[in-house]
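A closer look at the structure
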Amino acid sequence: MAAANYHRSEDQFLCSICLDVFNDPVTIPCGHNFCKNCITEHWNTSDQYRCPICKKVFNTRPELHVNTFISEMVGQFRDKAQQEASSSSSELQESKPGEVLCDVCTGPKLKALKSCLDCLVSYCETHLEPHLTASRLKRHQLIDPVENLEDRMCTKHDKPLELFCKTDQTCVCMLCSVLDHKTHEFVPLKEEYEEKKAKLEETEAEIQQMIQKTRLKIQEIKHSVDLSKDDADREMAEGVRVFTALKESVERGQAEFIDTIDKKLKTTKKQAEAFIKELEQEICELMKRSTEVQQLSRSEDHLHLIQRVQSVNSAPPTKDWTEVNVCQPLYEETVRNAVAQLEETLSEEMKKLLDQAELKRVQQYAVDVTLDPDTAHPDLILSEDGKQVHHGDVTKNLPDNPERFSSCVCVLGKQSFSSGRFYFEVQVKGKTEWDLGVVRESINRKGKITLSPEKGFWSIWLRNGNEYKACTGPSVRPSLKSGPEKVGVFVDYEEGLVSFYDVDSAALIYSFTDCSFTEKLFPYFSPSLNYGGKNSTPLIISPVSVK
């Protein structure tokens, strides 16, 4: 078959039914020409013998004979078309290895531009033209070129696979639907295609969501690594600081030990030098007397010797050195004492440094806490910024809402916490009584209150200016060298930990451990009564400053 894009004068060689070059051309009585097979099929499917062009109806089916003249002209036309196609093939896109080839090209096979699912043929640009111009062929379904179009035919009935059997989940032809699958559910192939395509799009969307989720997880892991690195750098710096301080403490202890040994040695040497000097002085006196004795013994003057002998006959008076000894210091005791002192110093220094490091660590979780006026007892006075509270002398007329404390002079923070870690600091300087801590949301706020973990309170208090207690049920008195002026409160919700710190000395006051938190936690404050001005100083929520 040849192409259709030739000169207008050559359009007479095209069949008006198949729109292709005549194949076995025949002339019917009205004078119009068609391919023998085309007009035969046309009349076989029609109840009248009508001319497709002029619409003339014949009473009897005309007998068809090949028009030899037109057949010869078509042969010449085909040769010419083939020559033109061959001469212009260099201008067309030739196929490359692996590409789908045109099934119509008789010479060099050109690259197929489309494949027709109705014709089961792949066409190059030239041979595709009828499908783009003829109204009947325009209805054919064109797709991007594919190989093995025969795979789209039913192997059993040799018919196009046009339906999809939902029962067997397979593609079938029209005959399959009425023979082998007649009780099954069918949909057109296009409908199933649209459904499958929609599901693929959903799957693609899900995959993209999974990719995005995975990417976010990668970012989360990378962020965790970055946070871990920051924590490691911070801990490393803090560890270097601690070990440097301990090293300096050891060096100071070593220097003090050497100085002590040196001082003892110098004392011993000084004592020995004093003894030696005194002994040398005695030797000088003895040597002087020895010289006098020798000189007198050589004298020949009888009278002179007798007169002088009594004065030199006895030794000069000397000190009794029998019990005199140089004191030997006990250097071993010095070492033992120095090491014991160093151990005590290091222990204190280590505790101090570790407390400082621990406080710095928890201070990283500082949160901004403000007081909630809806929970405050009517006797309490709150500052406008919600950072200070003290007991007043006048009871305010406030609504007795469920959140408000009615008997105990307490107030909660506005902020609640149900996970993670948080930390805040409260200045207590100048006060003689106060309560601090955290509470669970469901605590009793009316009437008498018992401060204990069983009742939902994790707190410490000060009473009478110097009595500090951790409200553990039976209260525990924490060990404090001095009263704190600023208290830090740290909570680790998941670990069940509530710790209180003396901020200025970086010392741990007390820790509630193994707590079980199941509700929201709120910061808890009580400035206690003012006792005629003796305890009027407010509790102050302070900004956290990491030293």
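This text follows the structure it describes.
Below, the structure is looked at part by part. What you see is a predicted model; the values in this text were computed from it and never measured.

**Some details on the overall build of the protein chain**
Within the protein chain, the secondary structure is distributed over eight helices and 22 strands. Taken along its principal axes, the extent of the C-alpha atoms in the protein chain is 200 × 95 × 45 Å. For the protein chain, buried positions account for 32% of its 547 residues. Of the contacts made within the protein chain by residues no fewer than 6 positions apart, 56% connect residues no fewer than 24 positions apart.

**A closer look at the sheet that holds strand β10 (residues 186–188)**
Spatially, three strands are ordered β9-β8-β10 in an open sheet, and the strand pairing comes out antiparallel. The sheet is open, and its two edges are formed by β9 (170–172) and β10, each paired on a single side. Averaged over all pairs of adjacent strands, the angle between their axes in this sheet comes to 35 degrees, without regard to strand direction. In this fold helix α6 (residues 189–297) packs onto β8 (163–165), β9 and β10, with an angle of close to 85 degrees to the strand it touches most, β10.

**Quick notes on the sheet that holds strand β6 (residues 121–123)**
Strands sit in the order β6-β5-β7 across an open sheet of three strands; the sheet is antiparallel. Both edges of this open sheet fall to β6 and β7 (142–143), since each of them pairs with a single strand only. As paired elements, strand β5 (residues 114–116) and β6 share three bridges and run antiparallel to each other. If you follow C116 over to β6, its bridge partner there is V121.

**Details of the pairing of strand β14 (residues 421–427)**
Here β14 lies mainly inside the structure; five of its seven residues are buried. Looking at chain direction, β14 and strand β18 (residues 486–492) are connected through seven bridges and run antiparallel. The residue of β18 that forms the bridge with Q427 is K486. Pairing of β14 with strand β22 (residues 539–542), which is carried by three bridges, proceeds in the antiparallel orientation. Counterpart to Q427 in the pairing with β22 is I540.

**A few points about the layout of surface pockets**
As a volume, the largest pocket reaches approximately 660 Å³. Residue lining of the largest pocket: 19 residues in total, with L117, Q141, L161, L189 and K190 positioned closest to the centre. Here the element with the most residues in the lining of the largest pocket is α6; it accounts for six residues. Taken together, the residues of the lining of the largest pocket break down into 10 nonpolar, one polar and eight charged.

**Some thoughts on the pattern of salt bridges**
Counted under the stated rule, the structure contains 18 salt bridges. In this structure, K263 and D259 form a salt bridge, with 3.3 Å as the shortest nitrogen-oxygen distance. One end of the pair, K263, and the other, D259, are both in helix α6, four residues apart, so they sit about a helical turn from each other. Between K387 and D368 there is a salt bridge, with its nearest N and O atoms 2.4 Å apart. Taken together, the residues K387 in the loop between β11 (380–382) and β12 (388–391) and D368 in the loop between α8 (331–363) and β11 connect sequence positions 19 residues apart.

**Side note on unusual backbone geometry**
Phi angles above zero are rare outside glycine, and D24 is one such case at about 55 degrees. Position of D24 among the secondary structure elements: in the segment before β1 (25–27).

**Side note on the pairing of strand β16 (residues 457–463)**
It is a general feature of regular strands that their side chains alternate between the two faces of the sheet. Taken across its seven residues, β16 has six buried, putting it largely inside the fold. Bridge count for strand β15 (residues 434–440) against β16 is six bridges, and the pairing is antiparallel. Among the inter-strand pairings, W434 is bridged to a residue of β16, identified as L462. The pairing of β16 with strand β17 (residues 467–470) spans four bridges and is classified as antiparallel. Each residue of the ladder has a partner; that of R463, found in β17, is E467. From the end of β16 to the start of β17, which pair antiparallel, there are three residues, and N464 there has a positive phi angle of about 55 degrees.

**A look at the state of the cysteines**
Taken as a whole and assessed by the stated rule, the structure comprises zero disulfides. In this model C30 remains outside any disulfide bridge; the closest cysteine sulfur is found in C51, 3.5 Å from its own. Residue classification places C30 among the partly exposed positions, given a relative accessible area of 23%. Unpaired in terms of disulfides, C124 finds its nearest cysteine sulfur in C102, a separation of 3.7 Å. With relative accessibility at 1%, the residue C124 sits in the buried group.

**A short note on the packing of α6 against helix α7 (residues 302–312)**
Look at α6 against α7: their axes get within 10 Å of each other, and the N-to-C directions meet at 160 degrees. Regarding the angle of α6 to α7, the classification is roughly antiparallel. Two packed elements cross with a definite hand, and for α6 against α7 that hand is left-handed. In this structure, α6 uses R289, E292, V293 and L296 to contact α7, whose residues at the interface are H304, L305, R308, V309, S311 and V312. Of the residues that constitute the contact of α6 with α7, the class distribution is five nonpolar, two polar and three charged.

**Brief notes about a nonpolar patch on the surface**
Side chains of L175, V178 and L179 sit close together on the surface and give an oily, nonpolar patch of about 250 Å² of accessible area. Following the sequence through the fold, L175 ends up in helix α5 (residues 174–178).

**Side note on the side chain of E282**
With respect to the helices and strands, E282 occurs in helix α6. Sequence-distant contacts of E282, defined by excluding residues within four places in its chain, comprise T318, K319 and W321.

**Some thoughts on the packing of aromatic side chains**
Following the criterion strictly, the structure yields 12 aromatic pairs and no others. Between W43 and Y49 the ring centres are 6.0 Å apart and the planes differ by 75 degrees, which places this aromatic pair in the edge-to-face class. On the basis of relative accessible area, Y49 is assigned to the partly exposed category, the value being 26%. Taken together, the aromatic side chains of W43, Y49 and F58 make up a single cluster linked through ring pairs.

How each quantity is defined
- Residues numbered from 1 in each chain as written.
- Predicted model: local features only at pLDDT ≥ 70, side-chain atom pairs only at ≥ 80, totals over all residues.
- Heavy atoms only, no water.
- Helix = DSSP H or I, 4+ residues; strand = E, 2+ residues; numbered from the N terminus.
- Buried < 20%, exposed > 50% of the residue type's maximum accessible area, 1.4 Å probe, protein only.
- Contact = heavy atoms within 4.5 Å.
- Pairing = 2+ DSSP bridges.
- Axes fitted to C-alpha atoms, helices over the stretch in contact; angles between N-to-C directions.
- 1 Å grid on protein atoms, 1.4 Å probe; cavity = no way out; pocket = protein on both sides within 12 Å on 5 of 7 lines; lining within 4 Å.
- Points joined across faces, edges and corners; volume = space filled by probe spheres on them.
- Nonpolar A, V, L, I, M, F, W, Y, C, P; charged D, E, K, R; others polar.
- Salt bridge = Lys/Arg side-chain N within 4 Å of Asp/Glu carboxyl O.
- Disulfide = S-S within 2.5 Å.
- Parallel < 35°, antiparallel > 145°, perpendicular 65-115°, else oblique.
- Left-handed = near helix turned anticlockwise from the far one by under 90°.
- Patch = residues over 30% accessible without salt bridge, like charges linked within 9 Å, V, L, I, M, F, W, Y side chains within 5 Å.
- Areas by Shrake-Rupley, 256 points an atom, 1.4 Å probe, with all protein chains shown as cover.
- Phe/Tyr/Trp six-rings, centres within 6.5 Å; stacked < 30°, edge-to-face > 60°.

Function cannot be inferred from these measures alone, as they are strictly geometric.
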